Amino acid sequence: MDAVTIARWQFAIVTVYHFFFVPLTLGLSIFVAIIQTFYYKTGDEKYKKMTKFWGKLFLINFAIGVATGIVQEFQFGMNWSEYSRFMGDIFGAPLAIEALLAFFMESTFLGLWIFGWEKLPKKIHLASIWLVAIGSNLSAFWILVANSFMQQPVGYAIRNGRAEMTDFFAIVTNGHVLVQFPHVFFAGVSTAAFFVIGISAWHMMKKGKDLKLFQSSFKMGAVYGLVGVILVTLEGHAQAQYMTKIQPMKMAAAEALWDSENPASFSLFTIGDEKNREDVFAIKIPALLSFLSYNKFEGEVKGINDLQREYEKRYGPGDYVPPVAVSYWTFRGMVGAGTLMVLLALYAFWKVRKDDFNFHPTMLKIFFWSLFLPYIANSTGWIFTEMARQPWIVFGLMKTKDAVSNTVPAGNVLFSLITYAILYAILMVATVFLWKKYIKAGMTGETGTDENVETIISQA
Amino acid sequence: MDLNTIWFILIAVLFIGFFFLEGFDYGVGILLPFIGKDDTSRRKVINAIGPHWDGNEVWLLTAGGAIFAAFPHWYATMFSGFYLALVIMLLALIGRGVAFEYRSKHTTAKWRNGWDWVIFIGSFVPALLWGVAIANLIRGVPIDENMNYTGNFFTLLNPYGLLGGLASLTVFTLHGAIFLTLKLTGKELEIARAYARKLWPVATILLFAFVIYGYFETDMFSKLGVDPGAVPVIAALAILSVEWLLKSKKEGWAFVMTGLTIALSTITVFMGLYPRVMVSSLNPDWSLTIYNASSSPYTLKVMSFVALIFVPLVLLYQAWSYWVFRKRISEKKEDLEY
């Protein structure tokens, strides 16, 4: 393997791993803040218990998200130094703003929240968790501003052999980030909602002494989840339509649409021959793709072959087709998981809207396992949007193969890839271990302190 | 003063904040297994920095982001050039960050002891490597005419770099020990005091050795002259005063003095560098400077506004969080959150 390939694997692994934890941080911080607001308003101890329980799981998640985030900020310079030179004038700014505006806020106020239960006035303590939630989501916004430039470069000029910023406001209000940020934000909400629903369902199955508290959590999760999945779907749809305009190749790859069609059919299932760019076997729904793209049952959707010819004319000779099978299946992974989440959230909401928690045990089991659905959607979604942009790292401006650090030997990258992977694997084991322990312990007593958990565990 | 210089100063300020704050953090982490003899005392040591360590670490992330935004070539050359050193540092920092959150969430001695050593290594390694990095920045590293680093990991491990590493390691540990004398009570307080007094001569000697060696290894002599001016002299006097301050139990002042030494030493390094950001040992003309490594004037201007608004705000609320947790750590349950 050459240095570029190893560097790409490393980027994929550390980023997908990092983003395993980020959406839960985004959504659960708000969820915890909402419950604590209930506690503040009503003074009802049940909300305090819920805040502490979900807060503890949040902290475990937050810690590993933050720790693995450091690599994210350093790796552009370490592994993609040519990219950093070419893009630094634009890409560095949102990263620096993210740190200054968001990282400081979330880390400082999280410290205040964890240690401030007894030391801060209630109102200020509540404000702290809200500031953590705002800080986390602001951080998502700024990194997506940076990513959106890679999807759709705006507000720049090519000068001095690099991309230079000419309009900061245009970069921050990039049409792409305006559809991408809400999509990611509500993905976070949905992830947290299914986390809450899943864990609550598990406790409802066990019928422990915290049953009421978990039913209550389940209900809140169902409402939160319904809002989340509906909006993430709508925003996802908006983003896909937007993408059809700015990166038609990405959407053609998502559909394995080899040749342009009008009206274009939507593929339910395709086994394709990527080399010869043809279908081996396919089930298609006529005109649906046109409808999804333009909200009407006609309109040409460009295929891979036509786009390849078009791009050759515009960018010179080369292969502009992304890995089609990966694009096709990751897109389906995301949409499929999302569809299941919509159905489950609707059903959950329908049942609990009048406090009916009488679920069939199998259904509770399904709800528990559905907690993994958002993780599938989040990971495949990012793999799709990044891989189906290939060969570009910055669309139309720079190719991935030109972006890698040319002074770092492949052996060094292999070393870091292996050591990161080993460390990350160990940390995953520890994280899952702690999650299991605290989930099982439930909310009884003051779950905020581990001493209580220990007594519960030893009783069990 | 041009924008490039303003950003050079701002990055110096971020590093001062980082070394001052994370300096005692690292020190506390390094001393953890030695001051904390049992679980309660270890938790007291950890909780001394519990609410703050994460915010302190953001100074590094902000400095990294600022270098990327203002001097992308500096970011690209340094981060790719110091690759393996940074990988080792990142592994240490990742482990350390997780360890703080995880160590007290399970009760077995094996679990807690294991994470405590992760905190130790995770603090020891970066405290050492930062000195190595800074020493090499001022000494010069092989950089070619295309701003590419042509050395390898071992190029950085020259005697001067290693001495710099030992100096930062011991000064940070001393800084951390003194910080603990302000936060602990009872027997742990006495142990921290004893460590501070034992560490002082070691840190002081290594720091002075590093400075003197610097006159031979770097162009600091020609840049700063025989009379280096007030900044490094006060840095030296500050650390010299620490012994007396510790002896007379004026630990608050001792902390101010190690902080001053760290801040002024960082300023001295940046003064020695200016207007360069990375010195090329191959050819002075190939050094990266605040001009040939910088972003466009437009980006620098935008970022200046951002910094002007948000840096004071951050300082304000971080200072407030230190104010909230200004009391010494007791053995009450609420103090042992971690």
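Note that this is a predicted model, so its numbers are computed, not measured. (Residues numbered from 1 in each chain as written. Chains lettered and ligands numbered in written order. Predicted model: local features only at pLDDT ≥ 70, side-chain atom pairs only at ≥ 80, totals over all residues. Heavy atoms only, no water.)

Undergrad: Sorry if this is basic, but what is going on with helix α4 (residues 72-81) of chain B here?
TA: In an α-helix, one full turn covers 3.6 residues, which means residues spaced three or four apart are oriented alike. Counted residue by residue, α4(B) has ten buried out of ten residues, so it is predominantly covered. Within α4(B), burial applies to B:P72, B:H73, B:W74, B:Y75, B:A76, B:T77, B:M78, B:F79, B:S80 and B:G81. (Buried < 20%, exposed > 50% of the residue type's maximum accessible area, 1.4 Å probe, protein only. Helix = DSSP H or I, 4+ residues; strand = E, 2+ residues; numbered from the N terminus.)

Undergrad: I tried to follow the confidence of the model for chain A on my own but got confused; where do I start?
TA: Residue and element names in this part refer to chain A. Per-residue confidence for chain A gives a mean pLDDT of 90; residues scoring 70 or more make up 97%. No element of chain A has a lower mean pLDDT than helix α15 (residues 450-459), which averages 39, and none a higher one than helix α13 (residues 373-387), which averages 96. Ignoring residues within four places in sequence, the model shows residues 446-460, a span with pLDDT below 50, making 25 contacts including any to other chains. (pLDDT = per-residue confidence, 0-100. Contact = heavy atoms within 4.5 Å.)

Undergrad: Teacher, can you tell me more about the pairing of strand β1 (residues 156-159) of chain A here?
TA: Across a regular strand the side chains alternate sides, sitting on one face of the sheet and then on the other. All names here are of chain A. Here β1 pairs with strand β2 (residues 162-165) via four bridges, running antiparallel. By the bridge assignment, I158 is partnered in β2 with A163. Counted between consecutive antiparallel strands, the loop separating β1 from β2 contains two residues, among which N160 sits at a positive phi close to 50°. (Pairing = 2+ DSSP bridges.)

Undergrad: Help me out: how do you make sense of the interface of chain A and chain B in this one?
TA: With 77 residues of chain A in contact, the opposing surface of chain B contributes 69 residues. Contact between chain A and chain B buries roughly 6700 Å² in total, counting both sides, with carbon and sulfur atoms accounting for 72%. At the boundary of chain A with chain B, the tally comes to zero salt bridges. Inspection of the region where chain A meets chain B yields 21 residue pairs in polar contact (both at pLDDT 80 or more). Class assignment for the residues of the side of chain A that touches chain B results in 42 nonpolar, 21 polar and 14 charged. (Buried area = accessible area lost by both parts, 1.4 Å probe. Salt bridge = Lys/Arg side-chain N within 4 Å of Asp/Glu carboxyl O. Polar contact = N/O pair within 3.5 Å; in protein donor to acceptor, adjacent residues only side chain to side chain. Nonpolar A, V, L, I, M, F, W, Y, C, P; charged D, E, K, R; others polar.)

Undergrad: I keep staring at helix α2 (residues 45-79) of chain A and nothing clicks. Help me out?
TA: All names here are of chain A. Its 35 residues place the ends of α2 50 Å apart at the C-alpha level, agreeing with the 51 Å of an ideal helix rising 1.5 Å per residue. Taking the largest bend as the criterion, α2 deviates by roughly 35°, centred on E73. Where α2 starts, the residue carrying a side-chain oxygen 3.0 Å from the main-chain nitrogen of K46 turns out to be D44. (Expected span 1.5 Å × (residues − 1). Bend = angle between axes of the 7 residues up to and from the residue.)

Undergrad: Sorry, what's going on with the packing of α2(A) against helix α5 (residues 83-102) of chain B here?
TA: In a packed pair of helices, the relevant descriptors are the angle between the two axes and the axis-to-axis distance. Between α2(A) and α5(B), the least distance of the axes is 8 Å, while the angle of their chain directions is 170°. As the angle between them shows, α2(A) and α5(B) are arranged roughly antiparallel. Touching A:L59, A:I60, A:A63, A:I64, A:A67, A:I70, A:V71, A:F74, A:M78 and A:N79 of α2(A) are B:Y83, B:L86, B:V87, B:L90, B:L93, B:I94, B:V98, B:E101 and B:Y102, all from α5(B). Partitioned by chemical class, the residues of the contact of α2(A) with α5(B) number 17 nonpolar, one polar and one charged. (Axes fitted to C-alpha atoms, helices over the stretch in contact; angles between N-to-C directions. Parallel < 35°, antiparallel > 145°, perpendicular 65-115°, else oblique.)

Undergrad: Looking at this structure, how should I read the packing of helix α3 (residues 81-115) of chain A against α4(B)?
TA: Where α3(A) contacts α4(B), the two axes come as close as 8 Å, and the packing angle between them is 165°. With respect to α4(B), the axis of α3(A) lies roughly antiparallel. Read as a crossing pair, α3(A) and α4(B) show a hand that is right-handed. Facing α3(A), whose interface residues are A:S81, A:S84, A:R85, A:G88 and A:D89, α4(B) presents B:P72, B:H73, B:Y75, B:A76, B:T77 and B:S80. The residue inventory of the contact of α3(A) with α4(B), partitioned by class, reads three nonpolar, six polar and two charged. (Left-handed = near helix turned anticlockwise from the far one by under 90°.)

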